[in-house]
Amino acid sequence: AIWMNTVRGADEPKVIISSVSWHTVTSIVDTEGWGAYRYEQNELIDFLADNSISNMYFICGDHHQVSADDGTNAPGGIATVVGSPLHMSANRLTT
């Protein structure tokens, strides 16, 4: 509830960082991304729409790719940047 009260009425850009993808895969059972939490994802999308919250962005990982979406293909029309994986550090090569 604290986060919802904070973003309600805020004009500044709002960024959510998630270690898993905001995009859901409808052709398979998604147990690692937001697809495993569709109720919560829809609840968040509805909250943002009901409160006319704009300037919302997601930075996500776990797709094993780098991509960006202006919101055209993302749930809730939220702009999304994907870099993978967010929880890993770079490997060091040793000789």
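## With respect to the nonpolar core
1) Next: In this structure, Trp22, Leu44, Leu48, Phe58 and Ile78 are the most contacted members of the largest nonpolar core, which totals 15 residues.
2) Next: For this core, the elements supplying multiple residues, two or more each, are helix H2 (38-50) and strand S2 (56-60).
3) Next: Sorting elements by how many residues they give to this core places H2 first, with 4 residues.
4) Next: Trp22 has contacts with Trp34, Gln41, Leu44, Ile45, Phe58, Cys60, Ala74, Pro75, Ile78 and Thr80, leaving out every residue within four places of it along the chain.

## Some points on the pairing of S2
1) Next: On S2, burial follows the alternation: Met56, Phe58 and Cys60 on one face are buried, whereas Tyr57 and Ile59 on the facing-out side are not.
2) Next: The sheet contact formed by strand S1 (residues 14-18) and S2 spans 5 bridges and is parallel. Its bridge partner lying in S2, Val15 is registered against Tyr57.
3) Next: With 4 bridges connecting them, S2 and strand S4 (residues 79-82) associate as parallel partners. Considered in S4, the bridge of Cys60 is made with Val82.

## What about H2?
1) Next: For H2, which comprises 13 residues, the first-to-last C-alpha distance of 18 Å matches the rise-based estimate of 18 Å (1.5 Å per residue) to within 8%.
2) Next: Burial in H2 covers these residues: Gln41, Leu44, Ile45, Phe47 and Leu48. One side of H2 carries all its buried residues, which in axial view fall inside an arc of 160°. Turned more than 90 degrees off the buried face of H2, the exposed positions are Tyr39, Ala49 and Asp50.
3) Next: Contact partners of the buried residues in H2: helix H1 (2-7), S1 and S2.
4) Next: Phi turns positive one or two residues past the end of H2, at Ser52, with a value near 50°.

## Quick look at the environment of Ile78
1) Next: Relative to the helices and strands, Ile78 is located in the loop between strand S3 (67-69) and S4.
2) Next: Classification of Ile78 by relative accessible area gives buried; the value is 4%.
3) Next: Considering only alpha carbons, one finds Ile78 and Asn55, 23 residues apart in sequence, at a separation of 8.5 Å.
4) Next: Apart from the residues within four sequence positions on either side, Ile78 is in contact with Trp22, Leu48, Met56, Tyr57, Phe58 and Gly71.

Parameters at a glance
- In every chain, residue numbers begin from 1 and rise along the written sequence.
- A pLDDT threshold of at least 70 governs which residues receive local features in this predicted model, and a stricter bar of 80 or more applies before side-chain atom pairs are shown or counted, although totals over entire chains, interfaces and linings include all residues.
- To get the side-chain values, take all heavy atoms of the structure and skip hydrogens and water.
- Here, the term nonpolar core denotes a set of buried Ala, Val, Leu, Ile, Met, Phe, Trp, Tyr and Cys residues that are joined through side-chain atoms within 4.5 Å.
- Accessibility here uses a 1.4 Å probe with only protein chains present; expressed as a share of the type maximum, an area under 20% marks a residue as buried, one over 50% as exposed, and anything in between as partly exposed.
- Strands here mean DSSP runs of E at least two residues long; helices mean DSSP runs of H or I at least four residues long; both are numbered from the N terminus.
- Should any heavy atoms of two residues lie within 4.5 Å, those residues are considered in contact.
- A pair of strands counts as paired when DSSP detects no fewer than two bridges linking them.
- In this scheme, a helix's expected span is set at 1.5 Å multiplied by one less than its residue total.
- As used here, the arc belongs to the directions running from the helix axis to the C-beta atoms.

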